[in-house]
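Observations on the three-dimensional arrangement
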Amino acid sequence: MERTGPVTEEEQTTAEAAVDRGRPAGLGVVGWARWFWRTLTSMRTALILLFLFALASVPGSIWPQRGVSDAKVAQYFADDPALARWLDRFWLFDVFQAPWFAAIYLLLFVSLIGCVLPRTAAHLRELRRKPPAAPRNLSRLPHHASFSSGLTVGEAAARLRAKRFRVTTGPGWVAAEKGYLRESGNLLFHVALLGLLLAVGAGALYGYRGNVLVVEGEGFANTVAAYDRYMPGQQVSAESLEPFSFTVEDFQATYIAKGDKAGQALDYAARLKVEDAPGVAAREHLLKVNEPLDVNGTLSYLIDHGYAPTFRITDGKGQVAFDGPVACLVVQPATFTSECVIKVPDAQPEQLGVLVAFLPTAVPMGSEWVSIFPGAANPTAQVYGAFAGDLGLESGRPQSVYELDPTSLKKMKPLLMKADPLEVGGRLALPGGAGSIEFTGVKEWIALQVAYDPGRMPALVSAVLAVAGLVLTLTVRRRRVWVRVHEASGGAGVPGGDGHRVEVGGLTRTEGGDFGEEFDEIVSALDTEPRDEGSPAPEPANTEPSTPEPSTPEPSTPEPPTSEPSTPEPSTPGPLNPGVQDAR
Amino acid sequence: MPAEVDTGLATLSDQLILATVLLYVFAMIAYALDLAFGRPAEASARAARPRLAPVGAGVGAPGAASGVTAGTGADPDPAVAGTGRVDGPSGGPPAWTRWAGPAGVALSWLGWAANLASLLTRGLAVGRWPWGNMYEFVVAMCFAAMSAFLFMQLRYRVRFLGAFVAVAAALGLGFAVRYLHVQAGPVVPALNSYWIAIHVSAAIIASGLFILSGVSGILYLVRKDGSVRLPSRPDLERVAHRAIVIGFPIWTFAVIAGALWADKAWGRYWGWDPKEIWAFITWIAYAAYLHARATAGWKGKAAMIVQLIAFACLLFNLVGVNIFLGGLHSYAEVPG
Ligand code: HEM
């Protein structure tokens, strides 16, 4: 949290002052606990924790993270298992789930709470407090001016109030203060940061995420069982899933047809027929990359797509043992060359396993066939392996649908190794009367991510509030202005003056602002004739615009007066006014 | 989105970028001559227009005429006082050097226009926002940095930075042309969204401002405190601070807009992707700089170093993450 500068240093309360007093000597457990709490909740600790938080996220960008790039993590384990195990011991593949990462943000969380609460109380007290009385010597202040006029204390106070200062008066002086929003903004920022942490936490506990692959023409109903991969937060129950369902009517991808970017995707879109709840009339939704399907805050995203050629497989007994689409893995994204695995457990007399290469736009290249374009211009399926025997599906070992279980495969009987490519409608007879494979058509699949995160909106609101608070603290300056009216002086010592001497002093500490300008404005507002005399206020003469203007203060150095020597610009003898006191 | 690319316009855009680089280099030479010879003229001009005070501020400042003076800034630059009249009997530098500064400004405006035209033609050639890959992004970033400088020098006396901003922009563009250039073309579907206008534009503007402050920071550390013909340290400090004060909220906005876009495109608003991590680190580092100045009262070298660390994070996020770390955010299409 910010220190608000000398202006409010009197009010620096509790936590920080205590920290500076140092460690309690021999205070026992309670004393130590108190010391620990004060250290933890000090501004300095909060800042250090925020830094640590940033620093701690660096490894997450260097090593691949589980859940984001599992394949790369596996690669690490394959390449150098010893190193990978050590990295894993330090949670470097799960940085954002690591206990040390959690420790940092939990401490930050506690620190923020401990910091914000007393600060808010102090700020509320301060909002009710009056600005402090004028210091004795106003000419010592970084901003200072004097002039002579008939200004009275009451009039000065009124004019400062009109400039939205908070004002108190005393005998011969006015004290005014402005810029309380700085600390308000500061508090808002920190509270919003807390809100952000809470929103993220709520999202992780009460939200869920799931992935599912759906082939054109098929459907999905939002139940735990329907997901290929389901990652619930700890507080999510299976019944709480939004009960929507949809059918994928069709999927379209368009690609650049020619030129050196040929094959780059231009657009994808899936047409869905959505039922928001069972029994509700279905609606159409066009699912695109940046346009997820939103059902009451549960969002379904199009994250991937691929081909699902359809096959009809007749077994050795002449029965149709398989008829439908097979979702294929994309092995070459540029051309969508894909690999498919067909498992036919129903085939008689023996189960069948078939490996197929799918080429969306196949052309012969030497003795091989390759795909040259991701669109399905000349779809071709080439069986490069067919096996008969036990697929091992009952073995109890989990199997990937994208490969034949290697241990079972060893025991299976190879039927053929490389067949001629099939076009749609083509048919391949398996040797030995094991049956036949017919390539019946091409469908596509889409991969969806379904996500429910109740923390989204709160997180956004918190982030926006945090920025608003930050902008306030960075732009608003706490400033104080004092006016002293020397009624007794009666104009003496001010040549040309017709009233009494009026001194104005101003103070701010924040860097980089233009308080000098504002101070000048305040002074000139004070230096106009009192309204009640009826004379029009003399405009601060805009004499010659081109004249070098020596009296504009250096705006961005509202430094303490001692730190900068007063050297008037040598080259410009400006129209120095008599009676003027240089502030520095 | 049109798949067709107007190759004529695309080629024109590539040529305009070369013109931009040349103009920036010329501008840099002119500014350098101005720095080398133009100081006396500069010194008197300086007195007329206080540094970093708004250019017409003196005019309207009401206090003086009515017999009020507020504190006048002391001249923080010993170099100016020192170079008052050190010239030999021949009397001052050659007359043409008076024109070096204005020529630098004029040349940078020309370069700026060419830079802008290059962006526009590229955008028109492909029918989309012209910052969909790293080449386009860097070109736009250099444009933003030059714009930040040129518009700042309209209001404030920062011309002394011209040579260094021009050099940075020329180097950036040169790097982009040499190592990052890709043929104009459509972007992947994920980038085909109005969010690119919001998120990337904000990132570009903020980066441009941060380049300005980064250049000031490097110069600050390179120059010693003595009387050299380089801009004075307080001047540099002020430019850097001002650029960051403006750039920081824009950066914050860019990151939040990125999160909003990620919520639409990737199914989560924050996922600790490398680009997200480094955007966050950059944010913390600039916040640290502002905080250190505003509350801890850090000034001078220490604050500048924090600022340069933040700048290094920014550059790493651009170059390092796009080229070495990858991640979801790898639309950069780095050739190679
Ligand atoms: C939380 C989410 C995000 C963050 C923190 C983020 C951050 C950034 C940052 C810091 C830049 C500056 C340029 C650079 O360093 O490369 C940038 C540029 C860019 N962002 Fe994001 N971004 C986010 C999400 C997204 C999303 C969802 C998309 C599009 C689907 C996107 C597309 C781009 C593009 C195209 C550029 C410019 C080209 C480039 O450098 O790659 N960003 N982003």
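These numbers come from a predicted model, not from an experiment.

Okay, the overall build of chain B next. Along chain B, the regular secondary structure elements total 11 helices and zero strands. Going from N to C terminus, chain B has its helices and strands arranged as α-α-α-α-α-α-α-α-α-α-α. Relative to its full complement of 336 residues, chain B shows a buried share of 60%. For chain B, long-range pairs separated by at least 24 residues make up 84% of all intrachain contacts whose partners lie at least 6 apart in sequence. A total of about 12300 Å² of accessible surface is found on chain B, and carbon and sulfur atoms cover 71% of it.

This part is about unusual backbone geometry. Geometrically, the link from Gln348(A) to Pro349(A) is a cis peptide bond, its omega value of -5° lying close to zero. Following the sequence through the fold, Pro349(A) ends up in the loop between β14 (337–344) and β15 (352–359). For Trp272(B), which is not glycine, the phi dihedral falls at a positive 55°. Tracing the backbone through its elements, the reader meets Trp272(B) in the loop between α9 (233–265) and α10 (274–294). Look at Trp272(B) and you get buried, because its relative accessible area is 18%.

Let us look at the UniProt feature "transmembrane region" (unreviewed entry) in chain B. Residues and elements named next belong to chain B. The UniProt record annotates "transmembrane region" (unreviewed entry) at residues 16–37, 95–114, 134–154, 161–182, 194–222, 243–262, 277–296 and 308–332. For residues 134–154, the end-to-end C-alpha separation is 30 Å, with 100% helix and 0% strand making up the annotated structure. The distance from the first to the last C-alpha atom of residues 194–222 is 42 Å, and the span holds 97% helix and 0% strand.

This next bit is on the sheet that holds strand β3 (residues 173–178) of chain A. All names here are of chain A. Strand order across the open sheet formed by five strands is β1-β24-β23-β3-β2, with antiparallel pairing between neighbours. Each end of this open sheet is capped by a strand with a single partner; those strands are β1 (143–149) and β2 (166–170). Adjacent strand axes in the sheet meet at a mean angle of 15°, parallel and antiparallel pairs treated alike. Taken together, the six bridges between β3 and strand β23 (residues 479–486) define a ladder with antiparallel strand orientation. Directly across from Glu177, in β23, lies its bridge partner Arg480.

Looking now at the UniProt feature "transmembrane region" (unreviewed entry) in chain A. Under the feature "transmembrane region" (unreviewed entry), the UniProt entry names residues 46–63, 100–121, 187–208 and 457–476 of chain A. Its end C-alpha atoms 28 Å apart, residues 457–476 of chain A is made of 95% helix and 0% strand.

Cut-off values and rules
Residues numbered from 1 in each chain as written. Chains lettered and ligands numbered in written order. Predicted model: local features only at pLDDT ≥ 70, side-chain atom pairs only at ≥ 80, totals over all residues. Heavy atoms only, no water. Helix = DSSP H or I, 4+ residues; strand = E, 2+ residues; numbered from the N terminus. Buried < 20%, exposed > 50% of the residue type's maximum accessible area, 1.4 Å probe, protein only. Contact = heavy atoms within 4.5 Å. Areas by Shrake-Rupley, 256 points an atom, 1.4 Å probe, with all protein chains shown as cover. UniProt positions renumbered as here; feature names shortened; annotations may be inferred. Pairing = 2+ DSSP bridges. Axes fitted to C-alpha atoms, helices over the stretch in contact; angles between N-to-C directions.

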